[in-house]
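Chains, contacts and geometry: an overview
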Amino acid sequence: MLDLVGRWRTIIEPFRIHSVEPIRLTTVEQRDVALEAAGYNLFNLHADDVLIDLLTDSGTGAMSRDQWAAVQHGDESYAGSPSWYAFLDAVTELFPFRHVIPTHQGRAAEKILFSVLGGAGKAVANNTHFDTTRANVEATGAEAVDLVIEEGRDPSAIHPFKGNMDVDALDRFLDERRGSVPVVFVTVTNNSGGGQPVSLANLRAVREVCDQHRVPLFLDACRFAENAWFIKLREPGQGDRAIPDIVRDMAGLADGMTMSAKKDGLANIGGWLALNDDDLAEQCRNLLILTEGFPTYGGLAGRDLEAIAQGLREVVEEDYLRYRITSTAYLGEALDRADVPLVKPFGGHAIYLDARAMLPHVEPLAYPGQALAVALYREGGIRSSEIGTVMFGRRPDGTEAPAAMDLVRLAIPRRTYTQSHIDYVIEVVRWVAERASSLRGLRIVEQPAALRHFTARFAPLDRGPAGA
Ligand code: F0G
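Residues numbered from 1 in each chain as written. Predicted model: local features only at pLDDT ≥ 70, side-chain atom pairs only at ≥ 80, totals over all residues. Heavy atoms only, no water.

We now examine the environment of Ile 422. Relative to the helices and strands, Ile 422 is located in helix H17 (residues 419-434). Dropping the residues within four chain positions of it, Ile 422 is found in contact with Tyr 330, Leu 331 and Ile 412. (Helix = DSSP H or I, 4+ residues; strand = E, 2+ residues; numbered from the N terminus. Contact = heavy atoms within 4.5 Å.)

The following block contains the structure:
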């Protein structure tokens, strides 16, 4: 064991490959055609035209042999299925909340919770809202406010827990907005801020401030296991603790959680809302029945519930988490050695390229992140996602402003790509970075009112595709 961890530098994927999926090689010419047809929005591509898909780590991971075996145990009873009890046991083993409400994915849990808690005049604080979380808060007329620590807004600032909430700012916010804040959220890890972890000490401090103001604290716990691994590695006094114990500590500091099982549930679909408040749980269950289904399946098949239950056992295994975090850092370290500007320290599920620093000649409202993402696809067939002004630049009143950062996220699906895939990604990113000064910005030619990054269509500002 020590040998593997301390002596050899090569990252060993702690699994063998059990079934394979082909990926299709394409040419730059084919990808130019695909880009134009997609309106330069990588969400619009046919996934067969993608070589390495780093669009998201959500629902794109490989399930284990034991998860596929669990799928065979799926019981599709409408109510009270044994699969529901397997799911409930696995969830409450790590997150001992009184009520667990299954949903088809994370945003369904958000939609239900904020439908009850939100509304005009209300405000929700988060270290950084993920896009669907923000959209679900704003859809109720409430305001979504981000209060991450200052280091969390600076791509190159080094801090072990860059996802931490600014506790003083939260205290002031809860003072100013007294009576209008129904819930405070902490997102672990902080996805929109670079996949950065939150410390137990910070959660404790947030809890204290919430208690003083009598406001409940919820976790957006999508990447809870990665967050717990960072706590074990970086937080004083946590190094010898078991991951499930750290997770239970995180849960014990909160009154509830929303979860996407598509991340650290190691499943391809699923999520839940969990909480302690009986009245709130009842209101949420009533809404669940309207849109998701009966409270013992909530939009999921019995087989999905089984896959999640098994996934929750596997995701807290140390061999898995060590590999997961080390292999993500492997990509970051190689790009850092090549002087590609990155968010540092490296996050758990993704490496974030600092497109604003790489393309200083493209102003934020010409979407440097989108230009870079388009170039990575064009040159190497790599699909990434913009996390910047396209995603966050449009305000609810329809005006536009630069986002805090213009990043491109290379999200790593769990247990899916090998080190040689990642070596290829490194080669392509380096090639594009060396030619970044030739990339052009884009303009939006079509966009919806909310969550525009999913469906907007773009045109290159200059002739030809960005980069041509
Ligand atoms: N919260 C966070 C922090 C997320 O990263 C996501 C999804 C959600 C909530 C919503 O969960 O997709 O199951 O409805 N993030 C994905 C991503 C989509 O690519 O980062 P969902």
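The next point concerns the site of the ligand. Around the ligand lies a shell of 17 residues, among which Thr 56, Arg 107, Ser 260, Lys 263 and Arg 409 are the nearest. Here Asn 191 contributes a side-chain N or O atom positioned 2.8 Å from an oxygen atom of the ligand. Residue Ser 260 places a side-chain N or O atom 2.6 Å away from an oxygen atom belonging to the ligand. Coverage of the ligand by the protein amounts to 94% of the 470 Å² it exposes when considered alone. (Near = heavy atom within 4 Å. Polar contact = N/O pair within 3.5 Å; in protein donor to acceptor, adjacent residues only side chain to side chain. Areas by Shrake-Rupley, 256 points an atom, 1.4 Å probe, with all protein chains shown as cover.)

Under the counting rule described, the total for this entry stands at 13 aromatic pairs. Between Tyr 78 and Phe 294, the aromatic rings sit 5.7 Å apart at their centres with planes inclined by 45 degrees, giving tilted as the arrangement. Here Tyr 78 is found in the loop between helix H3 (65-72) and helix H4 (82-94), whereas its partner Phe 294 is found in the loop between helix H11 (278-291) and helix H12 (302-315), with 216 residues between them in sequence. On the basis of an interplanar angle of 85 degrees and a centroid distance of 4.9 Å, the ring pair of Phe 95 and Phe 224 is categorised as edge-to-face. Here Phe 95 is found in the loop between H4 and strand E2 (99-103), whereas its partner Phe 224 is found in helix H9 (residues 224-234), with 129 residues between them in sequence. We classify Phe 224 as buried; its relative accessible area is 0%. Three or more aromatic residues joined by ring pairs make a cluster, and in this case those are Trp 84, Tyr 85, Phe 87, Phe 95, Phe 224 and Trp 272. Between Arg 435 and the ring centre of Trp 431, over which it is positioned, the NZ or CZ distance is 3.6 Å. (Phe/Tyr/Trp six-rings, centres within 6.5 Å; stacked < 30°, edge-to-face > 60°. Buried < 20%, exposed > 50% of the residue type's maximum accessible area, 1.4 Å probe, protein only. Lys NZ or Arg CZ within 6 Å of the ring centre and 35° of its normal.)

For an α-helix the count is 3.6 residues per turn, leaving residues at separations of three or four pointing the same way. Of all nine residues in helix H6 (residues 131-139), seven are buried; the element is thus mostly enclosed. Among the residues of H6, Asp 131, Thr 132, Thr 133, Arg 134, Ala 135, Asn 136 and Val 137 are the ones counted as buried. Here the buried face of H6 lies against helix H5 (106-117), strand E3 (123-126), strand E4 (143-146), strand E6 (217-220) and helix H16 (389-392). The first or second residue beyond H6 is Gly 141, which carries a positive phi of 95 degrees.

Let us now look at the environment of Leu 372. With respect to the secondary-structure elements, Leu 372 resides in helix H15 (residues 368-380). With a relative accessible area of 0%, Leu 372 lands in the buried category. Separated by 14 residues in sequence, Leu 372 and Glu 386 have C-alpha atoms that sit 8.4 Å apart. Ignoring any residue separated from it by four or fewer positions in sequence, one finds Leu 372 in contact with Leu 353, Ala 355, Met 358, Leu 359, Val 408, Val 432 and Leu 439.

Bringing the domain arrangement of the protein into the picture now. Partitioning the protein into structural domains gives domain 1 (2-57 + 318-460) and domain 2 (65-315). Opposite the 29 residues of domain 1 that make contact, domain 2 presents 37 residues. Both sides of the domain 1 and domain 2 interface together cover about 2,700 Å² of buried area, and 61% of this is carbon and sulfur. On inspection of domain 1 and its partner domain 2, the count reaches six salt bridges. Close ionic contact of Glu 314 with Arg 415 constitutes a salt bridge, the shortest N to O distance being 2.8 Å. At the surface where domain 1 touches domain 2, the tally comes to 18 residue pairs in polar contact (both at pLDDT 80 or more). Of the residues forming the side of domain 1 that touches domain 2, the biggest block, six residues, is contributed by helix H13 (residues 318-337). For the side of domain 1 that touches domain 2, the class distribution of residues is 16 nonpolar, four polar and nine charged. (Domains from an automatic or database assignment. Buried area = accessible area lost by both parts, 1.4 Å probe. Salt bridge = Lys/Arg side-chain N within 4 Å of Asp/Glu carboxyl O. Nonpolar A, V, L, I, M, F, W, Y, C, P; charged D, E, K, R; others polar.)

Turning our eyes to something else, we now look at the sheet that holds strand E11 (residues 385-387). The three strands lie next to each other as E9-E12-E11, forming an open sheet whose pairing is antiparallel. With partners counted over all chains shown, the strands left at the sheet margins are strand E9 (350-354) and E11, one partner each. In this sheet, adjacent strand axes meet at a mean angle of 35 degrees when their direction is disregarded. Summarising the sheet, E11 and strand E12 (residues 407-411) pair through three bridges and their orientation is antiparallel. Its bridge partner lying in E12, Ser 385 is registered against Arg 409. Contacting E9, E11 and E12, H15 crosses the sheet at an angle of about 40 degrees to E12. (Pairing = 2+ DSSP bridges. Axes fitted to C-alpha atoms, helices over the stretch in contact; angles between N-to-C directions.)

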